[in-house]
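If you want the building blocks of each chain, they are given just below.
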Amino acid sequence: MPLGDRGFWHGFGLFETVRVVGGRLPFLERHVERLRRSALLLGLSADGAGERWAYLAREAVRRGGVEDGTLRLALTAGEGGAFSRPAGRPTVVALAVPGGGYAEEAAERGWRAVVARVRRDSTSLLAAVKSLSYLPSVLARLEAGAAGADEALVLNERGELAEGAAANLFFVRGGCLCTPDLACGVLPGVTRSVVLEEARGWLPVEEGRYGLADLMTAEEAFFTSALAGVMPLLAVGGQPVGEGRPGPVTREMRRRYLRRAGITGRGGAGTGIPAQGGGGTGVPAQGGAGAGVSGRGGAGAGG
Ligand SMILES: Cc1ncc(COP(=O)(O)O)c(C=O)c1O
């Protein structure tokens, strides 16, 4: 990656996090499609690049020999001045590292959350894309960790429920599966989309605007993300959600999600958040073997 890359200096770029399961990348095409759409929103060149990015992602997993882990795919504006238009030569980096997915035991324990000080701005483009300007989520998750919680509950500027620091939010109320509408300042999560598909035809589903009280009077709740899958949310700010244990809809949704992702019967891939600077090494495309590959230009080089 060039030292003058704007992803590094100004957070001008995007990333995707995909779980690696048995050397496969569940829902990779959806992650690549979100990356492509987000790139267009930011004015980054994405013409015909989807397949190339998918190839780089698979190649990083293959070269790294990663069986169970995490794939990170980043696309940046490349080199340029802070306020210049993207020059049409984005940098693409794919990095595969072992670990990062949450095991079944973690899902049994569930997550506890605290309401973050950080808010999502539902009017901001940044709420809709997974940008390298990820500091609000990082700070929210750190704040949660400092309070002894697993995840932050992030509200939007109107005080409505939005999502977690790095996960989407669902809850069951009156037998209806509810999730904040994308207009609330929510990332269109890949796992969210799979859960919504699974839910339709099984139970009533509603995407809407909700307050904290709706969640706190829910029967059960869960977060969703590529790494956590369907993760029970058991308490917020020390107060139990529902009965304070994984509920029946959450359990059934997790089972369905794992089946769709091809994770059924596997113990999961390690626990916890991916280690900083984990086992993988990013190497440029020319660099030969390694867990990372990178490319320049819309259609990318590398591999
Ligand atoms: C802010 C935010 N919301 C939601 C999600 C969940 O998205 P996905 O299911 O695509 O992993 C993430 C993923 O990291 C995220 O960063």
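Scroll up to find the structure this text is about.
Attention in this report is confined to the structure presented alongside it. Source: prediction; values computed, not measured. Within any chain, residue numbers begin from 1 and follow the written order of that chain's sequence. With pLDDT at 70 or above as the cut-off, local features in this predicted model cover only qualifying residues; side-chain atom pairs require 80 or more to be listed or tallied, and sums for whole chains, interfaces and linings still use all residues.

1. Some remarks on the overall build of the protein
In step 1: Working definition: helices are DSSP H or I runs of at least four residues, strands are E runs of at least two. Numbering for both runs from the N terminus. Of regular secondary structure, the protein possesses eight helices and 13 strands.
In step 2: We call a residue exposed when 12 or fewer other C-beta atoms sit within 10 Å of its C-beta, buried when the count reaches 20 or more, and partly exposed for counts in between; the C-beta positions come from the backbone. Within the protein, the fraction of its 303 residues that count as buried is 50%.
In step 3: Contact between two residues is assigned when their C-beta atoms, built from the backbone, lie within 7 Å. Sequence-distant contacts, at least 24 apart, represent 73% of the contacts inside the protein between residues at least 6 apart.

2. A word on unusual backbone geometry
A negative phi angle is the norm for most residues apart from glycine, just as the trans form is the norm for most peptide bonds.
In step 1: Despite not being glycine, phenylalanine 27 has its phi angle at roughly 60 degrees, a positive value.
In step 2: Secondary-structure assignment places phenylalanine 27 in the loop between β1 (13–20) and α2 (28–41).

3. Here's the deal with the nonpolar core
In step 1: To form a nonpolar core, buried Ala, Val, Leu, Ile, Met, Phe, Trp, Tyr and Cys residues must be joined through C-beta atoms within 7 Å. In terms of nonpolar packing, the biggest core is built from 86 residues, with Ala57 and Leu71 touching the most fellow members.
In step 2: Each domain's extent was defined by an automatic or database domain assignment. Domain assignment of the residues forming this core places at least three in each of domain 1 (6–99 + 287–296) and domain 2 (104–271).
In step 3: Not counting residues up to four positions away in its chain, the partners in contact with leucine 71 are Val18, Val20, Leu25, Ala57, Ala60, Val61, Ala94 and Ala96.

4. Some details on the site of the ligand
In step 1: Lining the immediate surroundings of the ligand are 15 residues, of which Leu187, Gly189, Val190, Thr191 and Ala226 lie closest.
In step 2: When residues of the shell around the ligand are traced back to their parent elements, those giving at least two are α6 (190–199) and β10 (220–225).
In step 3: The biggest single contributor to the shell around the ligand is α6, with three residues.
In step 4: Just so you know the grouping, Ala, Val, Leu, Ile, Met, Phe, Trp, Tyr, Cys and Pro go in nonpolar, Asp, Glu, Lys and Arg go in charged, and all remaining residues, Gly too, go in polar. By residue class, the composition of the shell around the ligand is five nonpolar, seven polar and three charged. Each residue receives a C-beta atom placed from its backbone. It is near a molecule or strand if this atom lies within 6 Å of it.

5. Focus on the environment of leucine 3
In step 1: For leucine 3, the location among the structural elements is in the segment before α1 (6–10).
In step 2: When the C-alpha positions of leucine 3 and glutamate 79 are compared, they lie 8.1 Å apart, and in sequence the two are 76 residues distant.

6. Focus on α6
In step 1: Of all the ten residues making up α6, seven are buried; the element is thus mostly covered by neighbouring parts of the structure.
In step 2: Phi for glycine 201, located one or two positions after α6, is positive at around 90 degrees.

7. Considering helix α5 (residues 135–146)
In step 1: Every helix has an expected span of 1.5 Å times one less than the residues it contains. Here α5 contains twelve residues, and its C-alpha end-to-end distance of 16 Å stays within 8% of the 16 Å for a straight helix at 1.5 Å per residue.
In step 2: Among the residues making up α5, those that are buried are Pro136, Ser137, Ala140, Arg141 and Ala144. Buried positions in α5, seen along its axis, are confined to an arc of 130 degrees and lie on one side of it. Along α5, exposed side chains directed more than 90 degrees from the buried face belong to Leu135, Val138 and Ala146.
In step 3: Contact partners of the buried residues in α5: β4 (111–120) and β5 (151–156).
In step 4: Glycine 148, located one to two residues past α5, shows a positive phi value of around 80 degrees. The directions from the helix axis to the C-beta atoms form the arc being described.

8. A short note on the packing of α2 against helix α3 (residues 50–64)
In step 1: Note on geometry: axes are C-alpha line fits, over the in-contact stretch for helices, and angles between N-to-C directions span 0 to 180 degrees. The geometry of α2 relative to α3 is characterised by a closest axis approach of 9 Å and an angle of 130 degrees between their N-to-C directions. Taken together, the axes of α2 and α3 lie oblique to each other. In the packing of α2 onto α3, the handedness of the crossing is right-handed. Taking contact as the criterion, the partners of Leu28, Glu29, Val32, Glu33, Leu35 and Arg36 in α2 are, on α3, Gly50, Trp53, Ala54 and Ala57.
In step 2: Considered class by class, the residues forming the contact of α2 with α3 number six nonpolar, one polar and three charged. If an angle is under 35 degrees, it is roughly parallel; if it is over 145, roughly antiparallel; if it lies from 65 to 115, roughly perpendicular; otherwise it is oblique. Handedness of a crossing is defined here by the sense of rotation of the near helix relative to the far one, left-handed for an anticlockwise turn of less than a right angle and right-handed for a clockwise turn.

9. Some words on the packing of α6 against helix α8 (residues 248–261)
Working note: a packed helix pair is described by the angle between its axes plus the distance between those axes.
In step 1: Packing of α6 against α8 leaves a shortest axis separation of 10 Å and a crossing angle of 115 degrees. As judged from the angle between their axes, α6 and α8 are roughly perpendicular. The way α6 lies across α8 gives a crossing that is right-handed. The residues of α8 that touch α6, namely those facing Thr191, Val194, Val195 and Glu198, are Met253, Arg256, Tyr257 and Arg260.
In step 2: Counted by class, the contact of α6 with α8 contains four nonpolar, one polar and three charged residues.

In short, shape yes, function no, at least from these values alone.
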